[in-house]
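A closer look at the structure
Spelled out from the first residue to the last, the chains are:
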Amino acid sequence: MTEGRRTSRAYRTAVYCVLVIGALPILLPIYWMVLASLKTVEQLHVSPPSWTPVVPRHFVTLEGRETQIIVMDDGSVSGTKVARVKLLRRDDDPLRLEPGRIQTSTETEFYAVIEGARHRIEPRDSGAAQPGQKLEVALLDRHRRAWIDPASIETREPRWFWAVLGLDIPVRIDAGRSPETASHIVGWAAEPPAVAVADELFSEDPTGRVLWRERSLPAEQIARVAQGGYVRVRLVCPPDGLDVPSGELWRESGSGQSVRIDDRSRNVRVLRGPDERGLVEVELSDEYESVRIPPERLERVARRVHKVVLLGVPHLVELVLGSSPARPGATVAVRVPGALALAADRIRSESRLEPQWGNYARAWREQRFDLFVVNTLFIAALVVVGTVLSCGLVGYAFARLDFRGRDGLFLLLLATMMIPGQVTSIPTFVLFVKLGWIDTYLPLIVPHLLAHSAFFVFLYRQFMSTIPVDLEDAARIDGCGPLATWWLIMMPLSRPIVVTVAVFAFMGVWSDFLYPLLYINSDEKQTVALGLQNFKSAFQDFEPQLLMAASTMMIAPTVLLFFFAQRAFMRGVVVTGVKG
Amino acid sequence: MILSLPMRKLIQTLANSDPWLLTLLVGLLVVAGFCRLFMRAASPVPADKTVITLCKPGFKRDREEMKEFRAAFHAKHPDIHLKVIQSALARKPDTMIAAGVPPDLIFVGGNLLDYYLQADALLDLTPIIARDPQLRRDLYGDARGAAPDFFPQLLRPLERDGRLFVLPVTYMPFFVFYSKDLFDRYHVPYPDEAWDWQGLRERALALTRDANGRRPDQPGYDRSRVVSYGFHYAKWQHGIENFIRQAGGRLVDETGTRIVANDPRTVEAIQFLYDLKYVDGVCPPGVRPQKQDYSLKKGTLGMYLYPVFRIPTLRAEAPNLDWDIAPLPRGPGGRRASMVDINSWGISSRCRNPEAAFKLLKFMVSAEGLAITNRHQIFLPTRRSALNRARDAGGDLPPRSTWVLTHDLDHGYAELPFATKQYYQDVYAVVNEHFERLLALHNPPYTPAEMCEQLTREANSVLTRDRAVPGAARFGWVALAFALAATVFLVARLVGRRRGGLSKLQRYEERWGYALISPWLIGFLLFSAIPILISVVMSFAQWQTLSHFTHGEFVGFENYRVALSGEDPKFWTSVWVTLRYALFAVPAGLIVGLALAILLNQRVRGIALFRTLFYVPAVLPAVASAVLFWHLFDVNHGWVNRVLGALLPSGGLSDLLASFGESFPVAWLESALFTPYVFVLLSLWTVGGGMIIYLAGLQNIPTQLYEAAEVDGAGRWKQFRHVTLPMLSPIIFFNLVMGIIGSFQVFNVAFVMFDGQSSPGDSALFYGLHLFQEAFYHYRLGYASALAWILFLVILALTALVFKSSPLWVHYEAARGKKA
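Residues numbered from 1 in each chain as written. Chains lettered and ligands numbered in written order. Predicted model: local features only at pLDDT ≥ 70, side-chain atom pairs only at ≥ 80, totals over all residues. Heavy atoms only, no water.

As a further point, take the overall build of chain A. Summing up its helical and strand segments, chain A has 15 helices and 26 strands in all. Expressed as a percentage of the 580 residues in chain A, the buried residues total 57%. For chain A, the share of sequence-separated contacts (at least 6 apart) that also reach a separation of at least 24 residues comes to 66%. As presented, chain A carries roughly 24,600 Å² of accessible surface, and 56% of it is formed by carbon and sulfur atoms. (Helix = DSSP H or I, 4+ residues; strand = E, 2+ residues; numbered from the N terminus. Buried < 20%, exposed > 50% of the residue type's maximum accessible area, 1.4 Å probe, protein only. Contact = heavy atoms within 4.5 Å. Areas by Shrake-Rupley, 256 points an atom, 1.4 Å probe, with all protein chains shown as cover.)

Set out below in structure tokens:
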């Protein structure tokens, strides 16, 4: 237990075991923080968590070849034994499917030429139509019904929908409830298209026409809007379309409907169009891909519904053709809800260490951390110099010089350590306001130049009391005054305390939160602790790995400093700790 | 050149001095110098420009908005430099106003106009507007009948006796955001213009599904495995007040002086929301933004009643989601109501350059300024022209139903949220707390009707609380004079104890002694003694909110009475929170600290490394450790939940959680039940500070005692029991007292963990945090001073206990052979 007592090997082993076990919970949070700062967002959400910044790789065998996937949830949380996965493209070994296995579904728009004009129609109950028999259809752009020959129906894939005055005509495709019959279900949304126009534009003639962009358009009044002086009308698109500037058009950009299988949306993204062998490379995923389409590419985006057979199960999927990652610079908008579900035991996993060092660079850039660090260093440097010197001076005076009231004043100094900071914070705040020191570093620095910390004074005083008086006397004989004695004899001999005080003072400034919060207003004057708090407030919903990178950067200097100065530091802490 | 003697002496002294110390100090000064240069370069101070300050706290998008806004304003007015202050402290502008350095432009949120007017903080804009015919026309229209460009409904509530102190810039309407995808998936009709509460409930029921696709009203519905929820709404007062007004109820009567939350129609609205959550089960369980498990974005939420600022978030985060907005549903009886919160800006009454500030204000409401604001789409502009432009600028981005944007203003059912004439923020806090307890947290402690009764009672007691005693003496320089006199007296008493003849040498030494302690003496007087004495005086005075420091009034022991009599319920809450924390943290810290110290006192190789290791958490900045624990206990990616998730199927953990009314994943920091223990764990983690003191004590126990004990045949346990423990008892006691004192001063971690806002059920309202909030959020400086002094008295009492144990100390000191 103490020196001189011999310990057995078994005893030492037991001590080491306990030490290591005890060290784990101490180090674990720090390790977890550093680890989180090196992960990707996806990795943060993987359960069970990985203990290294690995990017695990999981594979399933699809189409006879092994394909990489991302496991979103391996079923251990939900207890389903079914894993939800996201398929990943791998450059050297992409998943390739024959076009024949990707089946284009029959979701289409139908058109019929009636009275010389082409109209979009909705066939009703197409299954009942016999050859030669006429079919009842709804004329979608005339809002009435007609009988037409099924043979005269032409089909076209939907490309976009009209929007007038920023209001889209809510046409939507009611697709794929069951793949076999879905081919003919094309319908209006519940609400008819409607626009609001000013009252004076609406002429009361029986056909109901609205002058809009110098054209008289058929319209039907739906409601009179009381306050605004507007009426709501149902506007009918003329056969040749409305002459609407493209800015007022809303185009369906492939982001609209999804296809459902088993009440779940499935999507696929084509990574590379059909190659010379006619194979298409696809990606299935669970994530919401937020890739934007540049406007000039909009026309190229066509929407089809495809079917893909995976794991022997046919899946209906949505893909976006056109611009693709194969073409540099082009981006695609893809929504990928739903995921593949696989039996968890079919997944083969391996891991590779891939720490995301980039998180640090990003965290550094998100806030002006360089400036915060410099600000804090500036304060810290002055505070450390001020504290080391002023506290040393005062401590020396209390330790060695004899003057009236010394013991009383020293008691007073000790008493100030007992008073909680909250008592003085409000009047001090008012005082600094009166001095005009708000939004400057003066409130953070000046008190420390004036030996603000009774604790450090006490530390110096205790240490200097133990230095032999002989040295001092020798210096006096050599003609040194008290100041020179202090500087030439006492301070060099108090090096451990100087180190302790310097380290404590630096850490105090580096971690100080309340006082900068109160006294610093300007953004460019903030300190690291404030910056970190801002970071937390501003980013709490997302990207925790950046926050963790920022906090790691914040604790790094204190930990490093502690390791370098630990001998002196420990000694200082021990001396002070006992005395409080 | 001949150097004078002192100069030569100085140089000689420096030349002889310790190179190590000199290097350290000079090196630090050089570092400071370089830092200064860098700071100058990074933020050059504009010369010959008028500086206008504006304070706008906020999130990342607010920062981006202000960046753009600033650039545009500088381009237009090159002679004015706009300084934007963005702080983590939500009430920073108030702090600045109270500090007498208000920002030139003050943001006045919806209901805070009277609050700022009471403090006389705002400049009357009426004369300036009168000189500006264009702005007048935009605000009020003109005599020829041209319609005003500002929505009259948003301007009228801001007028006070026909005068205007602020200009409305943006407003915040509520909409129902809904995911068309989810509606389509379950073939539910979209919300339309005429839908009502019943329609809301039906749709929400149809959208809520479990993993088997069953609805809550179908048999076999599995509540523990919900895939999507139907309806979620903003849980703070504005969001809920929508429903209250739709039911025809109110929170505050028309005069703004009495709470009427027990109105049956108000209760009906609350009951409706209560039933949606607890009976129908169509609202997701998450309570705070942290818990994002159910969202439109992820396709796990159907409808979300939320302010307009969800639009940019959804556009950015879910570019491929098909979503739209709908007007709020009609209440019973077809009543329509929708809250709009007006964000307005005023000029500080202490602004040095009102002209320049007004230019900035005008720029804010100009087409250009509003366009920038709108580009970030946080709120909607208050001018019709700007709003139309903003709507058109949205282009092909959702929402498609842009007519909804102005629906409430066009149809005249936009209403301002409640406001009280006085103590608005206190009432607001009470209202929100009850709403949160009933509708956001788990297991509400009361029924809606009971909640409304309790809310009415508590909020009314806040309103009728008369703080300042009229006619009392003014506070002022008297206090300062008193403080100075008392300090000088005290110092003189301490100094002037010894009298009698002194030798020359003694006098010389005495002069040097005073000279050398003078830095501390000055610092002590300025930063300790005077503030302490002022604080005593302040604790007997009260201030009207935000008013000038010298305008306080003496109220005797009123502040102490309010605290101790329970009139401020948060006082006893905070005491309880602190005591409960101390009750767990202090004993646990004592035991763990002692155990660790004994462990680290073993003589084995490499023990120094372990000592360092165990001490590391104690040197981490409190902010960083709070952030770290916040991350560890995060509901989604925290280590605790992740590990629990890995263990859960194997053990009875889920049963254990269920017995606490919790389910997995646990929102530790959103639960009033668990939050205190997170703080206890945090304190245990940083136990190194106490441990090192034990270690010092252990090392000072003379070895002979152990040897003697061994000779007497004592085993390890007996040695511990009869030698170690008695010898350490003073240190244990010391650590105990210091632990209690320390727990009364917990502030940083509590502040950082919850961003200085309220914690769930005030479970982390530590005494220090309460004091801070009273002082710098509510500006009850007198009351906060009283709180500080109560704290001081408690600490004093505890410290007296330490001194009572002095026999033990004396024994210890003697053993160490050193004089204190």
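This part takes up the overall build of chain B. Helix and strand content of chain B: 35 helices and 15 strands. Of the contacts made within chain B by residues no fewer than 6 positions apart, 73% connect residues no fewer than 24 positions apart. By element, 61% of the accessible surface of chain B is carried by carbon and sulfur atoms, the whole surface being about 33,700 Å².

Quick look at helix 10 (residues 482-493) of chain A now. Residue and element names in this part refer to chain A. Across its 12 residues, helix 10 extends 15 Å between first and last C-alpha, which sits within 8% of the 16 Å expected from 1.5 Å per residue. Here helix 10 lies mainly inside the structure; 10 of its 12 residues are buried. Burial in helix 10 covers these residues: Pro 482, Ala 484, Thr 485, Trp 486, Trp 487, Leu 488, Ile 489, Met 490, Met 491 and Pro 492. (Expected span 1.5 Å × (residues − 1).)

Let's shift gears to unusual backbone geometry. Residue and element names in this part refer to chain A. A positive phi angle, close to 65 degrees, is found at Asp 439, a residue other than glycine. Tracing the sequence through the fold places Asp 439 in the loop between helix 6 (421-435) and helix 7 (442-449). If you check the backbone angles, Ala 451 has positive phi at about 50 degrees while not being a glycine. Mapped onto the fold, Ala 451 is located in the loop between helix 7 and helix 8 (454-465).

Attention now goes to the environment of B:Cys351. Residue and element names in this part refer to chain B. Residue position: Cys 351 is located in the loop between strand 11 (338-347) and helix 14 (354-365). Take Cys 351: its relative accessible area is 10%, and that puts it in the buried class. For the pair Cys 351 and Leu 123, spaced 228 residues apart in the sequence, the C-alpha separation amounts to 8.3 Å. Contact partners of Cys 351, with chain neighbours within four places excluded, come to Asp 104 and Ala 357.

Next up on the list: a nonpolar patch on the surface. There is a patch of nonpolar side chains on the surface, built from B:Met7, B:Leu10, B:Ile11 and B:Leu14 and spanning about 360 Å² of accessible area. A relative accessible area of 44% means that B:Ile11 is categorised as partly exposed. (Patch = residues over 30% accessible without salt bridge, like charges linked within 9 Å, V, L, I, M, F, W, Y side chains within 5 Å. Salt bridge = Lys/Arg side-chain N within 4 Å of Asp/Glu carboxyl O.)

All names here are of chain A. Where helix 9 (residues 469-477) contacts helix 10, the axes come no closer than 10 Å and their chain directions differ by 155 degrees. When the interaxial angle is binned, helix 9 and helix 10 end up roughly antiparallel. Note that helix 9 runs across helix 10; the crossing there is right-handed. Here Leu 471, Glu 472 and Ala 475 of helix 9 lie close against helix 10, whose contacting residues are Thr 485, Ile 489 and Leu 493. Residues belonging to the contact of helix 9 with helix 10 are distributed by class as follows: four nonpolar, one polar and one charged. (Axes fitted to C-alpha atoms, helices over the stretch in contact; angles between N-to-C directions. Parallel < 35°, antiparallel > 145°, perpendicular 65-115°, else oblique. Left-handed = near helix turned anticlockwise from the far one by under 90°. Nonpolar A, V, L, I, M, F, W, Y, C, P; charged D, E, K, R; others polar.)

This next bit is on the pairing of strand 6 (residues 166-179) of chain B. Residue and element names in this part refer to chain B. With 14 of 14 residues buried, strand 6 is to be regarded as a mostly interior element. In the sheet, strand 6 pairs with strand 11 via seven bridges, with the strands oriented antiparallel. By the bridge assignment, Val 166 is partnered in strand 11 with Gly 346. Bridge count between strand 6 and strand 12 (residues 380-381): two bridges; the pairing is antiparallel. From the neighbouring strand, Tyr 171 faces strand 12, where its bridge partner is Leu 380. (Pairing = 2+ DSSP bridges.)

Quick look at the packing of aromatic side chains now. If you walk through the whole model with that rule in mind, you get 62 aromatic pairs over all chains. Summarising the aromatic geometry, the rings of B:Phe540 and B:Tyr560 are spaced 5.5 Å apart at their centres and angled 45 degrees between planes, so their arrangement reads as tilted. Placement of the pair is B:Phe540 in the loop between helix 21 (504-538) and strand 14 (541-542) and B:Tyr560 in helix 22 (residues 558-564), with a sequence separation of 20 residues. B:Phe540 gets classed as partly exposed once you look at its relative accessible area, which sits at 22%. Judged by its relative accessible area of 14%, B:Tyr560 falls in the buried class. Connected via pairs of aromatic rings, a cluster forms that spans A:Phe398, A:Phe403, A:Phe410, A:Phe458, B:Tyr514, B:Trp520 and B:Phe524. In this structure, B:Arg36 packs its charged tip against the face of A:Phe378, placed 5.3 Å from the ring centre. (Phe/Tyr/Trp six-rings, centres within 6.5 Å; stacked < 30°, edge-to-face > 60°. Lys NZ or Arg CZ within 6 Å of the ring centre and 35° of its normal.)

What follows deals with the confidence of the model for chain B. Residues and elements named next belong to chain B. Put simply, chain B has an average pLDDT of 80, and 87% of its residues get 70 or more. Within chain B, helix 10 (residues 197-207) carries the highest mean pLDDT (91), whereas helix 35 (residues 806-816) carries the lowest (48). Here residues 810-820 is modelled with pLDDT under 50, and outside its nearest four sequence neighbours on either side it reaches 10 contacts, counting other chains as well. (pLDDT = per-residue confidence, 0-100.)

All names here are of chain B. Here Arg 335 shows up in the loop between strand 10 (323-326) and strand 11. Given the relative accessible area of 35%, Arg 335 is considered partly exposed. In this structure, the C-alpha to C-alpha distance between Arg 335 and Gly 248, residues 87 residues apart in sequence, is 7.2 Å.

Take the packing of helix 4 (residues 369-400) of chain A against helix 8 of chain A next. All names here are of chain A. Contact geometry of helix 4 with helix 8 gives a least axis separation of 7 Å together with a crossing angle of 50 degrees. Considering their axes alone, helix 4 and helix 8 lie oblique with respect to each other. Considering the relative orientation of helix 4 and helix 8, their crossing is right-handed. Contact residues: Thr 387, Val 388, Cys 391, Gly 392, Val 394, Gly 395, Tyr 396, Phe 398, Ala 399 and Arg 400 in helix 4; Phe 456, Val 457, Tyr 460, Arg 461, Met 464 and Ser 465 in helix 8.

In this section: the pattern of salt bridges. Tallied over the entire structure, the rule returns 26 salt bridges over all chains. A salt bridge links B:Arg383 to B:Asp138; the nearest nitrogen and oxygen atoms lie 2.7 Å apart. On the criterion of sequence distance, the pair formed by B:Arg383 in the loop between strand 12 and helix 16 (384-393) and B:Asp138 in helix 7 (residues 133-140) is long-range, its members being 245 residues apart. Taken as a pair, B:Arg383 and B:Asp138 share a single burial class, namely buried. Residue B:Asp263 pairs with B:Arg265 through a salt bridge whose shortest N-O separation is 3.2 Å. Members of the salt-bridge network, linked through shared partners, are A:Arg400, A:Glu472, A:Arg476 and B:Glu509.

If you look at the biggest cluster of nonpolar residues, it comprises 220 residues, and the most contacted ones within it are A:Phe398 and B:Phe614. Sorting elements by how many residues they give to this core places helix 4 of chain A first, with 20 residues. Of all hydrophobic cores here, the second largest spans 134 residues; its members include B:Ala72, B:Phe165, B:Ile311 and B:Val427. (Core = buried A, V, L, I, M, F, W, Y, C linked by side-chain atoms within 4.5 Å.)

With that settled, the discussion passes to the confidence of the model for chain A. All names here are of chain A. Put simply, chain A has an average pLDDT of 63, and 47% of its residues get 70 or more. Confidence, read as mean pLDDT per element, is least for strand 14 (residues 187-188) in chain A (28) and greatest for helix 4 (92). For residues 141-148, every residue scores under 50 in pLDDT, and the model assigns this stretch 36 contacts once sequence neighbours within four places are set aside. Taken together, the stretch residues 225-230 has pLDDT below 50 and engages in 15 contacts with residues farther than four places along the chain or on a different chain.

What follows concerns the side chain of B:Ser344. Position of B:Ser344 relative to the elements: it lies in strand 11. Beyond its immediate stretch of four places on either side in the chain, B:Ser344 contacts B:Ile106, B:Phe107, B:Val108, B:Leu158, B:Val166, B:Leu167, B:Pro168 and B:Val169.

All names here are of chain A. Helix length check: helix 6 (15 residues) gives 20 Å between terminal C-alpha atoms against 21 Å at 1.5 Å per residue, within 8%. Taking burial as the measure, the 15 residues of helix 6 include 11 buried ones, the bulk of the element. Among the residues of helix 6, Gln 422, Val 423, Thr 424, Ser 425, Ile 426, Pro 427, Thr 428, Phe 429, Val 430, Phe 432 and Val 433 are the ones counted as buried.

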